[in-house]
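# Residue-level structure breakdown
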Amino acid sequence: MSVSHVTSLVIFLPLLGAVVTLLLRSDAAIKWTALVSTTATFLLSIVLFSGFDSSISTATAPQLVDQFRWFSSVDVKYFVGIDGLNVLLVLLTTLLGPIVVLSSWNYISHSIRGYYALILILQTGVTGVFCSFDVILFYVFFELTLIPMYFVIGIWGGENRIYAAVKFVLYTLVGSLLLLAAILYLGYHAGDAVNAGVFTTDWYKLLAYGVPVGAQGWLFFLFALAFAIKVPLFPFHTWLPDAHVQAPTGGSVILAGVLLKMGTYGLVRFCLPFFPVAAQEYAMLFGVLAVIGIVYGALVSRVQPDAKKLVAYSSVSHLGFVVLGIFAFNSEAMQGAVIQMVNHGLSTGALFLILGMLYERRHTRLMSDYGGIARSVPVLSFFMVFSVLASAGLPGLNGFVGEFLILIGAFKSSAVGHPLLIGIATTGVILAAVYLLWMVYRVFFGPLTRDENREMKDLNLRELVLIAPLAVLMFVMGFAPNYFLKQTEPATTFLLETVSAKRAAALDAEEKKMVRGEDDNSESLSETVSLD
Amino acid sequence: MDLASAYDSMGADLASSLSLVLLSLGALVAVVWDAFRPRDRSLPWFVALILAIAAAIDLPSIGHDTTTAFYGLIHVGGVASFVKALVIGATLLSVVLSIPYLERTRHNIGEVYALILFATVGMIVLGTANNLIAIFVGLETMSICLYVMAGLIREDEGGNESALKYFILGAFSTGFFLYGIALLYGATGTMYLNEIASAVRNGGGVMFWGGLSLLLIGFLFKVSAVPFHMWTPDVYQGAPTTLTGYMSTASKTAAFASLVLVLVNIVPDVRWSDALAVIAAITMVAGNLLALVQSNVKRMLAYSSIAHAGYVLVGLSAGSAAGYSGALYYMLIYTLMNIGAFGVMSVLEWDGVTGRNQSLDSLAGVGYRKPLLGVTMGLFMFSLTGFPPLGGFLGKYAVFAPAIESGRTWLVILGLLASAASAYYYLRVLYVFWMKKADDTADAAVAARTSFVVPAPTAAVLVACAIALLLLGVYPAAMDITSSFFSDGGSLAFLP
């Protein structure tokens, strides 16, 4: 079965839902509209997935393309498509859509219309980010995600929500505005070199353009900074715990599940192929920062009294693995990184959902207020333990696959493969087990001391429906990882090949220039003269 | 130029400047009307009708080539029609916003509307002139009307301070302007902009560059670029809010348009473009940083408008066709955002007293009480910050991209960082509107302040501005409106 313009439909159907919710009056109608539109989007994304052929390389064009000229006088397009790099992330986004709506069903009690409209707009933004093959379009969607998230945290968040919301926006905005400057620069120079002098931000044309070695460094850093803040990579992570703790459950799930992936995805999609020389040159720097993030995130998680903050810091740690994998420059690590993005979205999403359910019942996030609740809420506890084990990387569940591939790949890597570094990174896996199991122990096991906890209700049908798909997927992705790896393989291979080919070409050109150094000097001198 | 041929061409000249004629006649009618029937409630609507007709006259000729009329005194068609339509459109929106606002604050005297029309005539002459004397006449016609409008609230000492300060500093800048014109005439022997470039010998010399510098200073005063911005916050704060919106958009548009016409006609030279780049950098940084610390909304918007003048100057400093047309496009977007923002504020000082001193914190929770104001203000603030997919983003693209092309990446990075800082104060407005919980006394005050119905004309203007910003944001091809005005070398397309 195929649907025309399926990619655009998947992107914009939630936006349509948002417009409809704004026109509705009754709360029930608003919720159902949100649920129906996100579910329909998810079903459409299944259609999209069935139309995607993983064996086709992304070398010349993505699949299921929709494109038209967007800016009239320059080459900026509406250009969306699917390839191995984004297909799983798009599915993850659309899957989390209805889950987030269901999880907010009773949690959000005021300004319901605004909340669901913003959540739906947010989904359009995130899906658009993953599908864009034009950098300006990517930027537009990237920024579009900021506005709804600002309000979601700021209006429906916890005690310190304003501080968290403003910090989130300002951090991200500084990075993304610098990204815009780099995009404009790149667009002009690529336009001169490969597009007959017309400004271009087409991903394939930028890919064909070899950025001069001299400019790669700072352009790489402007791009990488925007994404490093979003990931967040240590030391740019300080906005994350605030945002997570203050955000309502639905916001946290989207934030951890997909928003952070926009950062790692941006690194893979843009930083590596556009600036291969700089990316390799600074790979060790990013490797070290990633490993610091892994260990630091884990250690800080261990001492949190607040369960939600613990999971928030665990994201810093887990995404450190993804960044390490990206900068290893080999196919195991890269594939591990791509698959780990999805894994983290599933398992951390599930953790936030379950913590949100506990919060709805007891209105506290402190672990010391719980204890022994496995006896009063066995089903909820089962899902929690399951998600924790997946997140901690238990073999057989999904977290293991990604982390294992990343560590193997990184160990072999010539860019970040220092034994000591990878050794330290590996301790992150052990630490993850420590802090996550410690949390499970304190919250779910031990003596059941408080009466409120004794009377807690177990999962209802709505909660079961929203958490079960995630658990099933965690199991499936751990049990049969090859099916998912196969989807991403051609794209990652192409990417790595491009990176090494472009790097070689750039270095070659640089060497030739060094040889011709004297000629160049005299040439530039004459140019200056003629300018006067 | 003999009289006979002047009469011959007069018909065509008048036809091409029909909107100017119509507005001048309308202003005279308004003066007489008000003399016989003071405070007549239909007079403002008559003025609005005149403006609507005038705008409708100019809109179709935006696509035509730019030529000159009245023996080369003013430009008509093309870029001139765009400037006219934009200025008249901004005036129309401001007038519609002013009708309920001035009625409510009991300042609905008929002279205001006559003054607005006279000022608009001045702006049009200023924004389309091809002759230094015509520029000066337009500038003064506009300024004198604005001085009076700034002091409209006579019983308020802040309003008086506003008018006096504006008048004295304005007169001061006029001095610079006139000296500049005199020196330029001395250096080139011509008053016509399109003859300056060919009349410059040996790269100019001291007299030419001195004259140009003084002229630029005069313009920078009018567009309130730092360090010539001192009058802006006080004047914007003291003037009636809807008229502040008018001053900050229409008069700036006219001044920038005139500056563009001067720049396209003089020799492209790294000296003035570097100077403009430096001024742009200082203006963006200082405007945004000073706006950060304001607690009064109108003052904050005043500093924000200074910062936005800096963004426009970034486009001008590129010295290319794309930069000039980008600057004009930015003025279109900026007009919509700013008139909208001042429009929202004009409704919120509904008691007519707190206007000048209204602090941001007193508006806690307005968004829930008046969703229309909250949502449109949200769009204006996000657009002013430059978030896609709103017009403000494409406006920034239109001025920053040419600067990158001309090699001033540092300036663009600085501008983008400055606009990241601006996010803090723009978002604070939304925080107060939507997220801040008012305590009980403040809540009662807000409740009292919002116990009205948003008047239909105001609501219409706000919604129109918001929708226009959304549409311009997702339809970048609208940038073509301005991109054809100048040829590749940066000069006007009709010049050889």
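Whatever comes next refers back to the structure up there.
Since this is a predicted model, take the numbers as computed values, not measurements.

A word on the layout of surface pockets. In this structure, the largest pocket spans a volume of roughly 1,700 Å³. Surrounding the largest pocket, 46 residues form its lining, Leu22(A), Leu118(A), Ile121(A), Val375(B) and Leu379(B) being those nearest its centre. Among the secondary structure elements, those contributing two or more residues to the lining of the largest pocket are helix H1 (6-23), helix H2 (27-50), helix H4 (112-131), helix H5 (135-144) and helix H6 (146-156) of chain A together with helix H15 (366-369), helix H16 (371-385) and helix H20 (456-474) of chain B. Of all the elements, H16(B) adds the most residues to the lining of the largest pocket, at 8 residues. For the lining of the largest pocket, the per-class residue count stands at 37 nonpolar, 6 polar and 3 charged.

Okay, the pattern of salt bridges next. In total, this model carries 15 salt bridges over all chains according to the counting rule given. Here Asp234(B) and Lys165(B) are joined by a salt bridge, their closest N and O atoms 2.4 Å apart. A residue pair is termed long-range when its members are at least 10 positions apart, and Asp234(B) in helix H10 (residues 231-238) and Lys165(B) in helix H7 (residues 157-188) qualify at 69 residues. Measuring nitrogen to oxygen at the nearest pair gives 3.1 Å for the salt bridge that ties Asp234(B) to Arg299(B). Note that Asp234(B) is positioned in helix H10 and Arg299(B) in helix H13 (residues 297-317), a separation of 65 residues in sequence. Accessibility assignment for this pair places Asp234(B) and Arg299(B) in one class, buried. Salt bridges here are not isolated pairs; linked through shared partners, they connect Asp75(A), Lys77(A), Asp202(A) and Lys205(A).

Our next topic: the side chain of Gln335(A). Residue and element names in this part refer to chain A. Along the chain, Gln335 falls in helix H15 (residues 331-362). Since its relative accessible area comes to 9%, Gln335 is described here as buried. In contact with Gln335, not counting residues within four places along its chain, are Leu485, Thr488, Glu489 and Thr492.

The next subject is empty space enclosed by the protein. Residue and element names in this part refer to chain A. Tallied over the full model, the rule gives 11 cavities of 30 Å³ or more. Elements with a minimum of two residues in the lining of the largest cavity: helix H3 (87-103), H4 and helix H11 (249-274). Grouping the amino acids of the lining of the largest cavity by side-chain chemistry returns 7 nonpolar, 3 polar and no charged.

With that out of the way, let us pick up the packing of aromatic side chains. All names here are of chain A. Summed over all chains, the structure comprises 67 aromatic pairs over all chains. Centre to centre, the rings of Phe327 and Phe329 are 6.4 Å apart; their planes meet at 80°, and the pair counts as edge-to-face. Residue Phe327 is classed as buried on the basis of its relative accessible area of 0%. Connected via pairs of aromatic rings, a cluster forms that spans Phe138, Phe142, Phe223, Phe227, Phe270, Phe274 and Phe275. Its end group placed over the ring of Phe142, Lys230 keeps NZ or CZ at 5.3 Å from the ring centre. Above the ring of Trp203, the side-chain terminus of Arg269 is found at 4.9 Å from the ring centroid.

The next thing to look at is a nonpolar patch on the surface. Residues and elements named next belong to chain B. Together, Leu3, Tyr7, Met10, Leu14, Leu18, Val21, Leu25 and Leu28 give the surface a local cluster of nonpolar side chains, amounting to about 770 Å² of exposed area. Elements that contribute at least two residues to the nonpolar patch include exactly helix H1 (3-16) and helix H2 (18-36). On the secondary structure map, Met10 appears in helix H1.

Each value, and the rule that gives it
- Residue positions are given per chain, counting from 1 as you read along its sequence in written order.
- Key to labels: chains lettered from A, ligands numbered from 1, both in the order written.
- A pLDDT threshold of at least 70 governs which residues receive local features in this predicted model, and a stricter bar of 80 or more applies before side-chain atom pairs are shown or counted, although totals over entire chains, interfaces and linings include all residues.
- Water and hydrogen atoms play no part in the side-chain values, which are based on all heavy atoms of the structure.
- Both site types are read off a 1 Å grid over the protein atoms alone. A 1.4 Å probe that fits but cannot get out defines a cavity, while an open set with protein on both sides within 12 Å along at least five of seven lines defines a pocket; lining residues have an atom within 4 Å of a point.
- Grid points are joined across faces, edges and corners, and a volume is the space filled by probe spheres set on the points.
- Helix numbers and strand numbers start at the N terminus; a helix is a DSSP run of H or I with at least 4 residues, a strand a run of E with at least 2.
- Throughout, the ten residues Ala, Val, Leu, Ile, Met, Phe, Trp, Tyr, Cys and Pro are labelled nonpolar, Asp, Glu, Lys and Arg are labelled charged, and all others, Gly among them, are labelled polar.
- Any Lys or Arg side-chain nitrogen located within 4 Å of an Asp or Glu carboxyl oxygen qualifies as a salt bridge.
- Whether a residue is buried, partly exposed or exposed follows from its accessible area with a 1.4 Å probe, protein chains only, as a fraction of its type maximum: under 20%, in between, or over 50%, in that order.
- Contacts were defined at the residue level, with two residues in contact if any of their heavy atoms lie within 4.5 Å.
- Only Phe, Tyr and Trp rings take part, Trp by its six-membered ring, and two of them pair if their centres are within 6.5 Å. Stacked means planes under 30 degrees apart, edge-to-face means over 60, and tilted covers everything else.
- By the criterion adopted, a ring carries a charge over it if an Arg CZ or a Lys NZ lies within 6 Å of its centre and within 35 degrees of its normal.
- Each patch is assembled from residues with relative accessible area greater than 30% and no salt bridge, linking like charges that lie within 9 Å and nonpolar side chains (Val, Leu, Ile, Met, Phe, Trp, Tyr) that lie within 5 Å.
- Where accessible areas are quoted, they stem from the Shrake-Rupley method and a 1.4 Å probe; at the residue level, only the protein chains shown are allowed to cover.

The analysis is restricted to geometry; functional conclusions fall outside its scope.
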